[in-house]
Structure formats: structure tokens, C-alpha cells
Amino acid sequence: MWDGARGELLWVDITAGLVRRAAVSPDGVLTDLDRYRGGGTVGFVVPVAAGGWLIGADGGVTFLAEDGSPRVLIHLAVEGGTPEDGGTRMNDGGCDRAGRFFAGTMAFDERPGAGALYRLDLDGVVTTVLDGLSVSNGLGFSPDDRTAYVTDSGPGLVWAFDYDLGSGAFSDKRVLLDFGDQDGVPDGLTVDDEGCIWTAVWGGGQVRQWSPDGDLLAVVDLPVPQVSSCTFAGPNRDLLVISTSAQGMDEQARAAQPDAGLLFTARPGVTGPAEYPYRGRLEGLSQLE
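Residues numbered from 1 in each chain as written. Predicted model: local features only at pLDDT ≥ 70, side-chain atom pairs only at ≥ 80, totals over all residues. Heavy atoms only, no water.

(A) View of the overall build of the chain. Assigned secondary structure in the chain consists of 1 helix and 23 strands. Computed over its C-alpha atoms, the radius of gyration of the chain comes to 17 Å, within 12% of the 19 Å expected for a compact globule of 289 residues. With the C-alpha coordinates aligned to their principal axes, the bounding extent of the chain is approximately 45 × 40 × 40 Å. For the chain, long-range pairs separated by at least 24 residues make up 44% of all intrachain contacts whose partners lie at least 6 apart in sequence. Surface accessibility of the chain: about 12,000 Å² in total, with carbon and sulfur atoms responsible for 47%. Side chains of the chain give 20 positive and 42 negative charges; the mean places of these two sets differ by 5 Å. (Helix = DSSP H or I, 4+ residues; strand = E, 2+ residues; numbered from the N terminus. Rg over C-alpha atoms; globule rule 2.2 N^0.38 Å. Contact = heavy atoms within 4.5 Å. Areas by Shrake-Rupley, 256 points an atom, 1.4 Å probe, with all protein chains shown as cover. Lys, Arg positive; Asp, Glu negative; His and termini not counted. Charge placed at Lys NZ, Arg CZ, Asp CG, Glu CD.)

(B) How the structure looks around the pattern of salt bridges. Following the criterion strictly, the structure yields 15 salt bridges and no others. As a salt-bridge pair, Arg-174 and Asp-162 come within 3.0 Å of each other at their nearest N and O atoms. With Arg-174 in strand β16 (residues 169–178) and Asp-162 in strand β15 (residues 157–164), this residue pair connects regions lying 12 residues apart in the sequence. Here Arg-174 falls in the partly exposed class, since its relative accessible area comes to 30%. (Salt bridge = Lys/Arg side-chain N within 4 Å of Asp/Glu carboxyl O. Buried < 20%, exposed > 50% of the residue type's maximum accessible area, 1.4 Å probe, protein only.)

(C) Molecular detail of the pairing of strand β8 (residues 70–75). Relative to β8, strand β7 (residues 60–64) runs antiparallel, the two sharing 5 bridges. Within β8, the residue paired with Gly-60 across the bridge is His-75. Taking the residues that link successive antiparallel strands as the turn, the β7-β8 hairpin has 5 residues, and the phi of Gly-68 there is positive, at about 90°. (Pairing = 2+ DSSP bridges.)

(D) Here's a closer look at unusual backbone geometry. For Glu-110, which is not a glycine, the phi torsion comes out positive at approximately 60°. Within the secondary structure layout, Glu-110 lies in the loop between β10 (101–107) and β11 (115–120). Positive phi, normally seen in glycine, also occurs at Asp-172, with a value near 50°. Residue Asp-172 is classed as partly exposed on the basis of its relative accessible area of 49%.

(E) Examining the pairing of β15 more closely. Across the 8 residues of β15, 6 count as buried, placing the element largely inside the fold. Examined bridge by bridge, strand β14 (residues 147–152) and β15 share 6 bridges and lie antiparallel to one another. If you follow Ala-148 over to β15, its bridge partner there is Phe-161. Connecting β14 to the next strand, β15, in antiparallel fashion are 4 residues, including Gly-156 with a positive phi near 75°. Direction of pairing for β15 relative to β16: antiparallel, over a ladder of 7 bridges. Paired with Tyr-163 across the bridge in β16 is Phe-170. Hairpin geometry of β15 and β16 is characterised by an intervening segment of 4 residues between the two adjacent antiparallel strands and by a positive phi of about 80° at Gly-168.

(F) Up close: the sheet that holds β15. Here we have 4 strands laid out as an open sheet, ordered β13-β14-β15-β16, and antiparallel in their pairing. Here the strands that pair on one side only, and so sit at the sheet edges, are β13 (136–141) and β16. Taking each pair of neighbouring strands and ignoring which way they run, the sheet shows an average axis angle of 25°. (Axes fitted to C-alpha atoms, helices over the stretch in contact; angles between N-to-C directions.)

Below, the structure written as C-alpha cells:
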């Protein structure tokens, strides 16, 4: 994600439990700045308006201070917390324009129905927005804040919902994209300033641009198959930064795909918004029951 206030790119290494920071020059060169350990696993990161970052770490939400020190705020995982006990972990999420924090979960073994999407409101109250998900993944909002997009990578679907910015409520669930007959599954996503949806295709080696009606508009091909997320970054927010993964690849596969796990960039000719910061309280958050 692009932190507009700091002018920095942030991304995560999930299984290493790391949050990483980089500067982005006008000509698209990324310069590594720092990395922080946020937990055993870290699914995503968003800025906090008052300073620092919120991260989806392990099975809950952690505040990462400016010096990189983590402080667990709330636990959201509903079962266990490790791969061995069949637990769940944070996977992807983000904030809406009002500053609410949305966090999605998945089981370590990716079993169907074990994931959910939670909302942390500005008053510190936690609500379950969606349950029965398999791999709660990419989240985004239309430029007019009237539509929310949520990916469930398990069945390979991107859902669209009517969205109420005043309350944070989702309604009128419908399938926008169904990858059932396509190579790969949808992973992370971003929405550009024109309202088009960009989906990373895990197993498909692509990022695809779709209209708000679900029409395929453009494709960015990557030299590695496991494409995990994307965002618009840089001073002009016109650089598409794409993350990839080497997860699950054996020695032979790594030798054949040495660039797996790197960041890639492209200039598709459009811009996208910076990440909305969290604007709510950081103390006295309600525990999920």
C-alpha cells in the first residue's frame, strides 16, 4: 500500500512476519528504508492518522509504533493460532475513507468457511461483517464510496456490495468476478481513480484490470506465477507496484523461477488513491465474542 502522508510504499512478508518500507522516486526506483517484525505472520498494514501503523498480525490487530515496536490490541481469530492446531490468521484488509479498519482472516490450512471479515469502528467496537469465507482477501472501495469489493480466493470469487460510508454496512451481495473457468484465482486488489478494479491473479502470473461491471480491460503479465497483490504508488500515484510470492515452491521450482517473491512495477496509464488511514481509537477496543 501507498502511505500518502509519508510518501512511502509499505508491504508485508506474511510468513516472515515482516512489515517493509521503501521510498519511491519519480522515475519508479524503489529504495529499501526499513523492516519491522510485527508477529509470527503479518497479513497487511495500514497507516494510522495519529502516527504509526495498524497491522493484521497473527490472529488479530497490532499497533506498530514509529520505532517499529509492536503492541497487540485485539485478538480476532476464532480458533487456535498456529498451523498445527488448525487456527486462523489475518490475511488481508484495509480502511475506508472514514477511517474504519477492515480485517479478513483465513485458516492456516485454507479450509472452506473458516475465514471472516471484521470491521473495527472508530469507537473501538468490533463487528463481524462477513463470515463463512474461505480465504478473505483483496478489499477495495469505489471512488464514490458506494461499492465495496471483497475477494474470497477459496472459491475464486470477487464480490461487490452496496456500501454505506455513514455506517460501514455492506448490503446487496453479488458476484462481480468468477474465476472458476480461468487460470489462477483472485488475490489482492486495488481500485484506481477511475473506478476500475485491478486484481492480482495467484497462479495466473497476471494483474488484470476490470470495469465496475466486470468487463476485462487490460492485462499486465508477470514472469512469475504467484502474484499476490498490487497498489498504485509513487509521487504521482501512477506506478503500479505488484507483489509476488515464492510460497510452497520447492528447490526445483525456485531454480526455474528465481524472481518469485520480488516486487515488480508497471505504468498502466492510470492513477490510484493512497491508502486511507485508520482514524479510530487505539485503546479499550471491544473483544470479539
